[in-house]
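# Topology and contacts: notes
Spelled out, the chains give:
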Amino acid sequence: MDAFQFGQWFSKRRRLCGWHSQRALIETIRQDPALRTLGISEDFLARLEAGHLHYPFRGKTRQRVLALATLLCRTPRDVQLYQRAAGLYDLSPQETELLSTLSEQLGTPSSPGLVLLPPRPTRLLGRSHELHHLLHALREEGPGIYIISGMPGVGKSALAAELAHLLATDANRYRRCFPDGIVALSARGCQGLSGLCTLLQRLLALLNMRQLQSEEASGELAPQATPPTSQVPCSEAEMSALLDQVRTRLAGKRTLLLLDDLDSPFPLRQAAEVLLTYSSQQGDCQSEGCGYLTGSSMLVISRIVPPATALPTRHYHLEPLAPADALALFLTLLDRRAGTLSSGELRAAERICEAVGGLPRAIELAATAVGAGISCELLAERLTQQPLDGLLDSEGELRRLLSEALATLPQETRDFLLQLAPLLSRPFSLVEAADWQQRCASGLQSGQILSAEPASPAQRPLASTAAHLARLVRSSLLDLRPEAERAEGEEEGTSLCERRYRVHPLLRAYVQEEQQRRQMALLAFASEQQYDIPALKGRQSELLLTLAQAYLSGQDELFLQLLQSLLGLLAHLPLSESEPLLLRGIEVGQRHAALFPLASFLQRLGALHFYHGHFQQARERFEESLQVGQQALQQRETLPDLKQGGHPRSLLARSWFYLAVLASSEGDLALAQRYINIFLRICQECGDLRGAIEALKLQGRYAYRQSRLQEARQALRHAEHLLTSQEHLLTLPYDRALRLEIQLLLCHIQGEQVRARTTLEALIALASDYLDPYFVPALVLDEADFARRQGAWEEAHLYALRAIREADRLGASFLYQKGLALLEGLTGQEPRLAARPTRPLQQGD
């Protein structure tokens with residue numbers, strides 16, 4: 001054979017082995033650590049196959065031709081044929097050893113390593129670039145950790161499965177990288193050291209099973225150990241023994257371990273120390289030109305971006321498909337070509353891919369929906385409005401994927417993401433997120449919800465906001481990308497590169513949907529429990545935060561409904577917190593002409609002004625509320641269906657009740673009686689039983705204060721009869737307090753001081769939790785006045801001090817001044833009380 005004949009023989013052999021071009025063979029050579037240093041170029045191959053090299057080969061040419069036998073020979077006979085064709089005679093000891101080793105390896109009875117692969121995807125479009133890079137890295141860089149991360153549904157597992165199948169089936173280029181096996185394991189649910197223990201036990205069981213089966217001539221051997229299917233606890237001694245066993249089994253091996261669904265906290269670095277065991281086999285040369293250390297590689301599929309401590313060899317963050325690739329996938333799944341579509345259909349297909357953000361799993365579901373008979377135009381229209389529309393996610397698969405991804409985050413980070421829902425429609429910066437968080441949180445404290453201005457840098461919770469955002473980025477739920485922006489006052493041509501966060505359209509839709517669901521659940525809770533103040537206090541922070549978010553994000557209807565349900569709770573907040581919320585409620589109610597909530601907010605604001613001694617402002621708010629209520633009735637506005645026996649008409653008229661209390665406090669009992677008679681008539685007309693009992697109670701109080709005892713007793717007995725006869729309807733804590741208050745007034749009329757004292761303490765215990773907190777000092781002041789009338793000076797003195805202390809704590813200046821006036825009157829009537837303290841009681845008094 002001469003040089004030309006060998007060149008023709010070599011060319012045919014190359015094609016038979018799967019390399020249809022010289023360039024393809026050169027690419028394989030460049031990826032082989034042992035061959036790439038020999039200087040085999042495309043020009044060398046061209047000259048070799050053209051017969052332009054001196055035959056028989058000598059020197060470097062002989063060395064290169066001999067090395068190519070490792071690629072072009074499959075059996076020992078192939079080695080012999082190759083040696084004769086290439087004229088490789090008079091071999092040196094090194095050449096003899098190389099050909100003998102190659103013949104021995106190829107002649108060994110086939111005992112391939114363990115291959116346990118995931119299902120191969122039927123198609124993988126738009127991922128050729130990533131696939132090529134991963135294949136090249138696994139071949140080029142040797143043993144290590146290779147991590148594929150990305151959001152749920154982006155195709156991480158499909159890419160890894162295709163990669164594993166290519167490695168397992170392409171014997172020429174890639175299978176030789178991992179001759180000892182390719183094993184895919186699911187790491188779903190594996191957390192912490194116990195998760196690592198479970199994973200290693202499953203891997204060891206598979207390796208042992210493979211070894212035992214290869215040793216059995218029959219090939220039938222029942223496995224002696226069943227791999228664990230769930231996470232099991234592992235002691236320190238058991239873990240150490242397990243680590244040693246796995247290290248021993250993997251020593252000297254070149255395997256690929258594919259760990260899928262590794263989304264929970266997992267000791268990746270410790271796993272790598274065990275699974276990536278390196279060793280040098282006898283005869284291996286560790287120089288760059290002769291080979292490399294044996295060792296396994298880990299291909300990890302996870303949403304979690306690896307921390308620096310994991311020391312990954314390569315990290316590939318998989319993005320959703322580009323628009324062109326997304327459209328190509330959609331049309332391929334539909335078995336359509338772009339040229340066969342009308343312009344309307346093509347535009348609808350593009351809108352579908354854009355609406356789902358190029359997410360492969362969502363595109364597959366969209367194609368399934370269209371294949372089931374839903375038109376592209378209809379689906380595009382629905383997905384543009386709601387990317388998680390039921391036409392796309394009828395089985396809830398996308399929601400499940402997103403829910404599982406969020407479930408791995410701490411609760412405070414999930415709450416933080418829901419809180420950011422109004423910002424997610426556009427890219428946002430760290431400062432904007434911190435400012436939004438601060439503005440929402442300030443509504444819980446000092447009424448700063450009033451301010452529409454951004455919070456100052458000192459107020460922004462930058463550190464905590466950055467920590468939450470970083471956790472979301474690491475979980476592949478947010479993207480952080482630079483965005484060039486020109487700063488204010490900056491000259492044209494210069495820009496400030498600000499990093500901004502972006503959220504995928506499907507995740508944004510899920511978060512907004514979840515936030516709305518949570519808001520509706522909170523609103524239902526507040527509406528159901530609006531009279532149960534302890535229950536509302538138990539979720540006070542959550543309720544007020546939602547209230548602040550609703551106002552700041554322009555959800556006016558939700559804001560009005562929630563504020564209406566929280567009016568009872570607002571009475572228990574400091575004035576600095578409750579007044580701004582009521583003012584905002586009045587503003588929103590006026591803007592939307594929501595007359596019923598507006599009247600309620602004016603009433604509550606008037607009550608706050610009254611208790612703090614601002615009588616004129618209180619009167620104006622009450623009168624304004626009555627005007628709004630009258631307007632609502634005249635316009636026949638749809639009134640809410642109130643629970644627990646209330647009636648909207650009497651609630652609109654409740655300002656008559658407050659005006660009566662205000663007139664009584666100013667000493668005009670006749671006017672107070674007239675106001676309360678109006679309120680009683682309205683309650684009787686609309687059938688408001690509770691309101692009628694409240695009015696009768698005040699009638700009795702005013703008659704008692706004017707010494708019309710028979711009239712007072714009659715009004716109170718009537719109220720007590722209504723309470724008893726309709727007891728099955730009046731079940732609120734407020735109704736129990738109403739009964740006790742009527743009994744207390746009857747005690748006053750009958751002069752039963754001891755019974756009055758017992759009833760008072762029971763009433764205060766109930767009022768502290770369920771009633772307006774300003775009710776307590778007012779009640780104690782009445783009891784002090786009753787004790788004074790009975791001549792119990794010392795008891796009246798103690799009650800007056802107690803009322804002053806409560807009024808001082810609440811900042812109720814009117815009640816505070818009224819208590820001081822009573823105290824001064826007592827010292828004037830009983831001189832020996834002058835030596836007693838006249839200041840509010842302090843702790844320890």
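To be clear, the structure that these remarks concern was listed above.
Because the structure is a prediction, the values reported are computed rather than measured.

Within the protein chain, the regular secondary structure consists of 38 helices and nine strands. Looking at the protein chain residue by residue over its 845 residues, the buried ones come to 48%. Contacts in the protein chain between residues far apart in sequence, at least 24 positions, make up 71% of those at least 6 positions apart. Per element, the accessible surface of the protein chain, about 39600 Å² overall, is 50% carbon and sulfur.

What follows covers the sheet that holds strand 5 (residues 297–302). Hydrogen bonding along the main chain pairs the strands of a sheet, whether they run parallel or antiparallel. The six strands are arranged 1-3-4-5-2-6 in an open sheet whose pairing can be described as parallel. Both edges of this open sheet fall to strand 1 (114–116) and strand 6 (314–317), since each of them pairs with a single strand only. Across this sheet, the average inter-strand angle for adjacent strands is 20 degrees, counted without regard to direction. Relative to the sheet, helix 8 (residues 128–140) contacts strand 2 (145–149), strand 4 (256–260), strand 5 and strand 6, its axis offset from that of strand 6 by approximately 170 degrees.

Moving on, we get to helix 6 (residues 76–85). Those residues of helix 6 that sit buried are D78, V79, Y82 and A85. An end-on view of helix 6 places all buried positions within 135 degrees of arc, on one side of the element. One or two positions beyond helix 6, positive phi appears at G87, with a value near 65 degrees.

A few words now on unusual backbone geometry. The residue after Y55, namely P56, is reached through a cis peptide bond having omega 0 degrees. Tracing the backbone through its elements, the reader meets P56 in the loop between helix 3 (42–50) and helix 4 (59–67). One non-glycine residue with positive phi stands out, namely D90, at about 50 degrees. For D90, a relative accessible area of 78% puts it in the exposed group.

Turning our attention to the side chain of R14. Considering the arrangement of structural elements, one finds R14 in helix 1 (residues 3–16). The contact partners of R14, leaving out residues within four places of it in the chain, are W19, H20, S21, Q22, L25, E49 and L72.

Another point: the pattern of salt bridges. Counted under the stated rule, the structure contains 45 salt bridges. Between E587 and R584 there is a salt bridge whose closest N-O contact spans 2.4 Å. In this pair, E587 and R584 both sit in helix 26 (residues 575–591), three residues apart, roughly one turn of the helix. The salt bridge partner of E624 is R621, with a shortest N-O separation of 3.3 Å.

In this description, a pair of aromatic rings is defined by centroid distance and the angle of the planes. Inspection of every chain in the model, using the stated rule, returns 18 aromatic pairs. Considering the side-chain rings of F6 and Y55, the 6.4 Å spacing of their centres and the 35 degrees angle between planes classify their relative orientation as tilted. Remark: Y55 occurs in the loop between helix 3 and helix 4 and F6 occurs in helix 1; sequence separation between them is 49 residues. What makes F6 buried here is its relative accessible area of 0%. The interplanar angle of 50 degrees and the centroid separation of 5.4 Å between the aromatic rings of Y551 and F559 together place this pair among those described as tilted.

Rules of the game
Residues numbered from 1 in each chain as written. Predicted model: local features only at pLDDT ≥ 70, side-chain atom pairs only at ≥ 80, totals over all residues. Heavy atoms only, no water. Helix = DSSP H or I, 4+ residues; strand = E, 2+ residues; numbered from the N terminus. Buried < 20%, exposed > 50% of the residue type's maximum accessible area, 1.4 Å probe, protein only. Contact = heavy atoms within 4.5 Å. Areas by Shrake-Rupley, 256 points an atom, 1.4 Å probe, with all protein chains shown as cover. Pairing = 2+ DSSP bridges. Axes fitted to C-alpha atoms, helices over the stretch in contact; angles between N-to-C directions. Arc of directions from axis to C-beta. Salt bridge = Lys/Arg side-chain N within 4 Å of Asp/Glu carboxyl O. Phe/Tyr/Trp six-rings, centres within 6.5 Å; stacked < 30°, edge-to-face > 60°.

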